[in-house]
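Fold and contact review
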Amino acid sequence: GSLLQPESLLDAAAKRVAGSWAFERVEGRFQRIPEPVQRRIVYWSFPRSERQICMYSSFQPGRAAAATSPATAVA
């Protein structure tokens, strides 16, 4: 069988930061964050499950059709 690769230190740290702080707070608090570190923090900041995506976004099932209906376009 194949061996599993351990999580990189960068990913482990970025995941921990993303789980604790909003990215805006990270940007505001620290002056110089290397680009690869920023990308990994942003990556781990996004929700992973469909339930979390719906909960944290403005998209909710059924609302997209209502927003594009002719009745709402007139208002």
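Residues numbered from 1 in each chain as written. Predicted model: local features only at pLDDT ≥ 70, side-chain atom pairs only at ≥ 80, totals over all residues. Heavy atoms only, no water.

Looking at an unreviewed UniProt entry, the protein chain carries the name ZSWM5 protein, with the source organism given as Podargus strigoides.

1. A look at the packing of aromatic side chains
What counts here: Stacked, edge-to-face and tilted labels apply to pairs of Phe, Tyr and Trp rings (six-membered ring for Trp) whose centres lie within 6.5 Å, assigned for plane angles under 30 degrees, over 60, and everything in between, in that order. Any residue under 20% of the maximum accessible area for its type is buried, any over 50% is exposed, and the rest in between are partly exposed; the area is computed with a 1.4 Å probe on protein chains only.
By the definition in use, this model includes two aromatic pairs. Both rings, one in W21 and one in F30, keep their centres 5.8 Å apart while their planes meet at 15°; by these two values the pair is stacked. According to the relative accessible area criterion, W21 is partly exposed, its value standing at 27%. When the centroid spacing of 5.0 Å and the interplanar angle of 80° are considered together, the rings of Y43 and W44 count as edge-to-face. Looking at Y43, the relative accessible area reads 39%, which means it is partly exposed. Relative accessible area serves as the criterion here: at 22%, W44 is assigned to the partly exposed category.

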